[in-house]
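Structural description and commentary
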Amino acid sequence: MKLLSFSVACAALMASMGAAAAQDAAAGEKVFAKCKICHQVGEGAKNMVGPVLNGVVGRHAGVYEGYHYSDANKNSGITWDEATLKEYLRDPKAKVPGTKMIFPGLKSDDDIANVIAYLKQFGPDGKKI
């Protein structure tokens, strides 16, 4: 029984390590090129067609200062954790009906995970953490 418990624990550890390894910030930076048309990150980032994404992971939806959000986004009650970002990046209009974001979404799980890893690097001040 102890061997079975140990085997299950090892399998869970390996699975979590595989999921963590699947997030590649450098690859995410390349995918983020699709997002740069509307969004900026980093020090000195400014709102464009879309809001600045510094510190987006953990931030409430619709609150970045100086950006005019849709009512759908402002009133969504969403906090942008990884799971919610994954759903939104896959299909923004399905996750937040009425959003003004016109991007159709990313279809690759790897691209989504990598973009999230890239965004997680930027604190609210735009500095890499």
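Right, let's walk through the structure included here.

Conventions we followed
Counting from 1, residues in each chain are numbered in the order their sequence is written. Restriction of local features to residues with pLDDT of at least 70 applies here, the model being predicted, together with a cutoff of 80 or more for giving and counting side-chain atom pairs; totals for whole chains, interfaces and linings are based on all residues. Side-chain metrics rest on all non-hydrogen atoms present in the structure, leaving aside hydrogens and water. Runs of H or I in DSSP of at least four residues are treated as helices and runs of E of at least two as strands, each being numbered from the N terminus. Three labels apply to residues, based on accessible area from a 1.4 Å probe with only protein chains included: buried if under 20% of the type maximum, exposed if over 50%, partly exposed otherwise in between. The contact rule is simple, with two residues in contact once any of their heavy atoms fall within 4.5 Å. Only the protein chains shown count as cover for residues, and all accessible areas are computed by the Shrake-Rupley method using a 1.4 Å probe. Axis definition: a line fit to C-alpha positions, over the contact stretch in the case of helices; interaxial angles, taken between N-to-C directions, run 0 to 180 degrees. Should an angle fall under 35 degrees it is taken as roughly parallel, and over 145 as roughly antiparallel, whereas 65 to 115 is taken as roughly perpendicular and any remaining angle as oblique. Should the near helix be turned anticlockwise from the far one by less than a right angle, the crossing is left-handed, and should it be turned clockwise, the crossing is right-handed. Amino acids are sorted into nonpolar (Ala, Val, Leu, Ile, Met, Phe, Trp, Tyr, Cys and Pro), charged (Asp, Glu, Lys and Arg) and polar (every other residue, Gly among them). The working definition used for a salt bridge is a side-chain nitrogen of Lys or Arg within 4 Å of a carboxyl oxygen of Asp or Glu. Polar contacts, as counted here, are pairs of nitrogen or oxygen atoms within 3.5 Å of one another; within protein the pair requires one atom able to donate a hydrogen and one able to accept it, and residues that are adjacent in sequence qualify only if both atoms are side-chain atoms.

Considering the overall build of the protein chain
From N to C terminus, the protein chain includes six helices and zero strands. Scored against the burial criterion, the 129 residues of the protein chain give a buried share of 35%. Counting only contacts in the protein chain whose residues sit at least 6 apart along the sequence, the fraction spanning at least 24 positions is 41%. A total of about 7800 Å² of accessible surface is found on the protein chain, and carbon and sulfur atoms cover 61% of it.

Describing the packing of helix α4 (residues 82-90) against helix α6 (residues 109-120)
Viewed as axis vectors pointing N to C, α4 and α6 meet at an angle of 125 degrees, and their least axial separation amounts to 10 Å. The angle between α4 and α6 places the two elements in the oblique class. Crossing of α4 over α6 shows right-handed handedness. Side by side, α4 and α6 meet where E82, L85, K86, L89 and R90 of the first sit next to D109, I112, V115, I116 and K120 of the second. A per-class count over the contact of α4 with α6 returns five nonpolar, no polar and five charged.

Some details on the pattern of salt bridges
A side chain with one charge may pair with a side chain of the opposite charge, provided their charged atoms come close. In this structure the tally under the stated criterion is four salt bridges. Residue K74 is joined to D71 by a salt bridge in which the shortest nitrogen-to-oxygen separation is 3.5 Å. Residue K74 and its partner D71 are both found in helix α3 (residues 71-74); the two are separated by three residues, about one turn of the helix. Here D71 falls in the exposed class, since its relative accessible area comes to 52%.

Quick notes on the environment of D24
Relative to the elements of secondary structure, D24 occurs in the loop between α1 (2-22) and α2 (25-31). D24 gets classed as partly exposed once you look at its relative accessible area, which sits at 34%. Separated by 3.0 Å, the side chain of D24 and the backbone nitrogen of A26 make a polar contact.

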